[in-house]
Structure formats: C-alpha cells, structure tokens
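So the chains spell out like this:
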Amino acid sequence: MSEKIQYFWSLFYVKIQQGNVQKCTWSDFIDKTYQDLQDLVRCLEIYLDDCVTKIPITCYSPDIKELECGSILSFNYTVIPVNIYPSLNTHTHYIHGCAETKRSAEENNMVLGINEYWEGNDKNTHTNFNLYKKFVQRIIKETGIDYKKALNRMVLDYNVVKTSYERVNRQPPNCNNVYIFGHSLDATDGDVLREVMQPDGVVTTIFYRDKQQQANQIANLSKVLGQEELLQRAFSVSPTIIFKRQIDMEKL
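Residues numbered from 1 in each chain as written. Predicted model: local features only at pLDDT ≥ 70, side-chain atom pairs only at ≥ 80, totals over all residues. Heavy atoms only, no water.

Draft legend 1. Looking closely at the packing of aromatic side chains. On inspection of all chains with the given rule, the structure shows four aromatic pairs. Seen in terms of ring centroids, Tyr-34 and Tyr-132 are 6.2 Å apart; in terms of plane orientation they differ by 75°. Their pairing is edge-to-face. Of this pair, Tyr-34 sits in helix H2 (residues 26–50) while Tyr-132 sits in the loop between helix H5 (122–125) and helix H6 (134–141); the two residues are 98 residues apart in sequence, bridging distant segments of the chain. Judged on exposure class, the residue Tyr-34 and its partner Tyr-132 are both buried. Aromatic rings pair up to connect Tyr-34, Phe-129 and Tyr-132 into one cluster. (Phe/Tyr/Trp six-rings, centres within 6.5 Å; stacked < 30°, edge-to-face > 60°. Helix = DSSP H or I, 4+ residues; strand = E, 2+ residues; numbered from the N terminus. Buried < 20%, exposed > 50% of the residue type's maximum accessible area, 1.4 Å probe, protein only.)

Right under this line is the structure:
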C-alpha cells in the first residue's frame, strides 16, 4: 500500500511542478485527488442518466417479479430496476445515491469508494484517506439510514415471535426473509451486508446466474462474514444463507 501511495504522490508532485507550485503537502494531495474522484463520479452520473437509462429494456427476471418485499435496499445508481418492476418503487432506498443529471454537480449524492483496509485499532488511527471509503462518503453524501429502519422493524417482529415461543419452551422459527440479487457481495459493502444478514431470525437467499458467479459470491462472502460463520450459516441443517440459481430472463 505504501508503495502505491508513493507512486501516486510522485505523479502528483510532477503535476504541481508543471503548474509552478513551489510547495505541496499531503493535505493538498488528498484534496486534489478527492476532487478528481468527484469529477469522475459526476461523469459517471451523466453517462448513467443520459445514456444507460435510455437503453431499451427487453427482458425481466421472473425471480424478482414474483418476490413480495416490504423494503428494497438498492446498490444500483439508476432507477432502471424500478422502471422494470414498479412494485419496487414505494420503499426503495438508494444507499449509494442515484444518478440525476438535472441537479448540479455539488448536489450529486453518488458514492464511489473503497472498503476499510485497516484492522483493529489501526482503522481508528490511520484516517488520512477516509474520504475515499464508502462509509465516510455515505455520511458526506447523506444517503440516509432508511434501510436501518427496515432492519429495526425486522428485529422487533422477530423478538415478538421469539418471546411467544419462549413462553412454551419452543425454538422460534426464522420469520424474516432477505433476498440478494445482482450483487457480487464484495467486501466494499461488507458493513451493510453484515447488518442485513446477521440479525437473528433472518434467512438470506442469494441468487446467482451460474456456478462461476456463485463461486465468486462464496469467496467474497467468506471475506465479509469469515469462513467459519459462512459455513455455519450456509452449510447446516437449518441454513440461514441459501444460494438459489436464477430462473432464465424472460422477454417483456
């Protein structure tokens, strides 16, 4: 990591020398590169909203259409899923923002960043590059906590069921379902995935397109949850993580 930082610093130093700047600091480097990142995010927003959303949609997923969901947590930057599946519109939370070119660049709320790469107390000490981390950008971009409210409702529902079953000395059933579709389960979203998948009473169904994608999802999820927890949740008598192959897409 330090070698990469030094490499980018050298490129930055050459650039500011070309601009006749006599002195620069790490703060200057962070400020400039973060602004470059925001310029990139704005370009991505324009591309997604002005180009991608105008591509005709010809297929849909029967798996998604048949689901009954009380709340949607979208990692997508566009409204394309809502346009295909209108039932998702009412309770959709765009945790990484939504592309909308009508607003100004300063109002852009799209999150594009990296995961936490320090461990233990180091992540509380080495904070120079926190601007690039997703959890910080979610705070800065004010993408909201609506999904946390939905999770709280799930936990409360399960606690009611759990209490009633404990009165008669019985094991409470899992009563909340989480469905994950079209997500790589990469560690950059690990904090959110853990919040969604780990509460008591939750069964998570992960859809995959083919065995290669499933293998990648398992590899990524082992980094998010840890190998032992993944094995316990996915390969047990009563699994709380279920992998399900997608039904083939159908024509609209």
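Draft legend 2. Quick look at the sheet that holds strand S4 (residues 176–180). The strand order across the open sheet formed by three strands is S4-S5-S6, and the pairing between neighbours is parallel. Edge positions in the sheet fall to S4 and strand S6 (241–245), since each of these pairs with one other strand and no more. The sheet shows a mean angle of 25° between the axes of neighbouring strands, direction not considered. The pairing of S4 with strand S5 (residues 202–208) spans five bridges and is classified as parallel. For Ile-180, the partnering residue across the bridge sits in S5 and is Ile-206. (Pairing = 2+ DSSP bridges. Axes fitted to C-alpha atoms, helices over the stretch in contact; angles between N-to-C directions.)

Draft legend 3. Structural detail: the nonpolar core. Membership of the largest hydrophobic core comes to 21 residues, with the highest contact counts inside it found for Ile-180, Met-197, Ile-206, Leu-221, Ile-241 and Phe-243. At the level of elements, helix H7 (146–166), S4, helix H8 (190–197), S5, helix H9 (211–225), helix H10 (227–234) and S6 are the ones that each hand at least two residues to this core. Looking at this core element by element, the count peaks at four residues for H8. In contact with Ile-241, not counting residues within four places along its chain, are Met-197, Thr-204, Ile-206, Leu-221, Leu-225, Leu-230, Arg-233 and Ala-234. By size, the runner-up hydrophobic cluster in this structure holds 13 residues, among which are Phe-29, Leu-37, Val-52 and Phe-129. (Core = buried A, V, L, I, M, F, W, Y, C linked by side-chain atoms within 4.5 Å. Contact = heavy atoms within 4.5 Å.)

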